Amino acid sequence: MSLRTQFIKSTLCVILYIAVCTLLLKIRQQLYSVSFLKSNQSAENCSVVSQAITKPIGLETKLLEYDEMQESLLLLQQISNTCNKYNLKTPLIRRHFLYNSKQQSIYCWIRKAASTSFTKLFSDMKNRRVMRNYYREVDILAPETLKELYYIANDPKVFKLLIVRHPFQRLVSSYRDRIEDNSKHTAQAWMYTKQIFHLTRPALFHSNITTGNFQQKVFTTDKRLKLVPTFKEFLLWLLQSSDQDDVHWDRYNTHCGTGQK
C-alpha cells in the first residue's frame, strides 16, 4: 500500500471520529434541553396547583374564623338577653376570680369544672409552686380590690376565661364527691345532710334510747356519714334551698356575675 493511500485512510478515520463525536454531543444537548423543559413545566404546574390549593384553604380558614367569631357573638348576645329577660344581674365577688397581670388574663373558677387544674396554672404563672390545697390560692391570686376587678372585667385587652360543664353532670359530680363519698369527711355532708333529712326523712329526728339521736344515727364519731342521702333527696332539698348555694353547685351566673354588662 502506497504512502498516499495510507494518508487518505487516516484522514477519513479522523473525519469519521470527529463526526461521531459531534453527533453524540448534539444528541446529549437535545436530551438535556428536553429534560430541562419538562422540569420547568412540572415546576410551573406544581406552582399553579399549589396556588389553587392555598387560596381555597386560606379563604376557608378565614371563613371558619369568621364563623367562630359570629358564633361567639351570638352566644354572648344570647347570654345578655337571658340575663336581661330574667333580671339575672348579680354583683361580682372578688375571690371568685384569679388574675394574672403579666399575662393579662382573668379566670372565674367553677368547682367541679377543672377549677383545680386552672388554679394550679395561675399559681404556676406566679411561680408559687404550690403542690396541694390549691383552694387556698384563691385569696392570693384574686384581684386586690373589688374596684380593680370591675376595671379588669371591663378592659377589652384582658383575656377572660370561664370553663363550664353541663349543669347536670356537674351536679352529679358534686353530689358524689361532697355527699355520697363517705370514705372521708366533707364540710358539705356535715352541713347539709341534716337539712336534707329534715325535709325527706323527718322520722330520723325522733330520738330514743335504743336508736340514739340524729347525730348518732347519721354520723360516725369522726363526722363521716353512716346514712347517705340519695341523689333524689339531694335534688329535692336543693330545689328548696337555692338561697344557700354552695360553690360546688351554685349557678354560673351568680358565681361569675355573667349578667354584668
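Residues numbered from 1 in each chain as written. Predicted model: local features only at pLDDT ≥ 70, side-chain atom pairs only at ≥ 80, totals over all residues. Heavy atoms only, no water.

- In the nomenclature of an unreviewed UniProt entry, the protein is known as Carbohydrate sulfotransferase of Dufourea novaeangliae.
- Taken directly from UniProt, the Sequence similarities (unreviewed entry) text for the protein runs: "Belongs to the sulfotransferase 2 family." (UniProt positions renumbered as here; feature names shortened; annotations may be inferred.)

### Thoughts on helix H5 (residues 167–180)
Then, number 1: The terminal C-alpha atoms of H5, which comprises 14 residues, lie 18 Å apart, in line with the 20 Å expected from a rise of 1.5 Å per residue.
Then, number 2: Those residues of H5 not exposed but buried are Arg170, Leu171, Val172, Ser173, Ser174, Tyr175, Asp177, Arg178 and Ile179.
Then, number 3: Check the buried side of H5 and you find it contacts helix H6 (187–200), helix H8 (231–239) and helix H9 (252–256). (Helix = DSSP H or I, 4+ residues; strand = E, 2+ residues; numbered from the N terminus. Expected span 1.5 Å × (residues − 1). Buried < 20%, exposed > 50% of the residue type's maximum accessible area, 1.4 Å probe, protein only. Contact = heavy atoms within 4.5 Å.)

### Thoughts on the nonpolar core
Then, number 1: Listed in full, the twelve residues of the largest apolar core are Leu92, Phe97, Tyr99, Ile106, Cys108, Ile110, Ala113, Leu149, Ile152, Val158, Tyr252 and Cys256.
Then, number 2: Elements supplying a minimum of two residues to this core: strand E1 (97–100), strand E2 (105–108), helix H4 (146–153) and H9.
Then, number 3: Contact partners of Phe97, with chain neighbours within four places excluded, come to Leu92, Ile106, Tyr107, Cys108, Trp109, Leu141, Ala142, Pro143, Leu149 and Cys256.
Then, number 4: Membership of the second largest hydrophobic core comes to nine residues, among which are Leu171, Ile196, Leu238 and Trp249. (Core = buried A, V, L, I, M, F, W, Y, C linked by side-chain atoms within 4.5 Å.)

### Side note on the pattern of salt bridges
Then, number 1: Throughout the structure, instances matching the rule amount to eleven salt bridges.
Then, number 2: Of the charged contacts, one joins Lys112 and Asp177 as a salt bridge, the two residues approaching to 3.2 Å between their closest N and O atoms. Pair noted here: Lys112 is in the loop between E2 and helix H2 (115–125) and Asp177 is in helix H5, with a separation of 65 residues, a long-range link.
Then, number 3: The salt bridge partner of Asp222 is Arg224, with a shortest N-O separation of 3.0 Å.
Then, number 4: When salt bridges that share partners are traced, they join Lys112, Asp177, Arg178, Asp181 and Lys184 into one network. (Salt bridge = Lys/Arg side-chain N within 4 Å of Asp/Glu carboxyl O.)

### As for the environment of Asp139
Then, number 1: The residue Asp139 is located in helix H3 (residues 138–141) in this model.
Then, number 2: We classify Asp139 as partly exposed; its relative accessible area is 43%.
Then, number 3: The spatial distance from the C-alpha of Asp139 to the C-alpha of His96 is 8.8 Å, given a sequence separation of 43 residues.
Then, number 4: The contact partners of Asp139, leaving out residues within four places of it in the chain, are Arg94 and Arg95.
Then, number 5: Within polar-contact distance, the side chain of Asp139 engages the side chain of Arg95 at 3.1 Å. (Polar contact = N/O pair within 3.5 Å; in protein donor to acceptor, adjacent residues only side chain to side chain.)

### Considering the sheet that holds E2
Then, number 1: Across the sheet, three strands lie side by side as E1-E2-E3; this open sheet has mixed pairing. The sheet is open, and its two edges are formed by E1 and strand E3 (159–162), each paired on a single side. Taking the axes of each pair of neighbouring strands and ignoring which way they run, one obtains an average angle of 15° across the sheet.
Then, number 2: Strands E1, E2 and E3 of the sheet are contacted by H2, whose axis makes an angle of about 150° with E2.
Then, number 3: Each of E1, E2 and E3 is contacted by H4, which is oriented at about 75° to E1, the strand it contacts most. (Pairing = 2+ DSSP bridges. Axes fitted to C-alpha atoms, helices over the stretch in contact; angles between N-to-C directions.)

### Quick word on the state of the cysteines
Then, number 1: Taken as a whole, this structure holds one disulfide when the rule is applied.
Then, number 2: Shown here is the disulfide that connects Cys108 with Cys256, its sulfur atoms set 1.8 Å apart. Residues Cys108 and Cys256 share a disulfide whose torsion about the S-S bond is about -90°; that sign makes it left-handed. Separated by 148 residues along the polypeptide, Cys108 in strand E2 and Cys256 in helix H9 bring together distant segments of the chain.
Then, number 3: For Cys256, a relative accessible area of 7% corresponds to the buried category. (Disulfide = S-S within 2.5 Å.)

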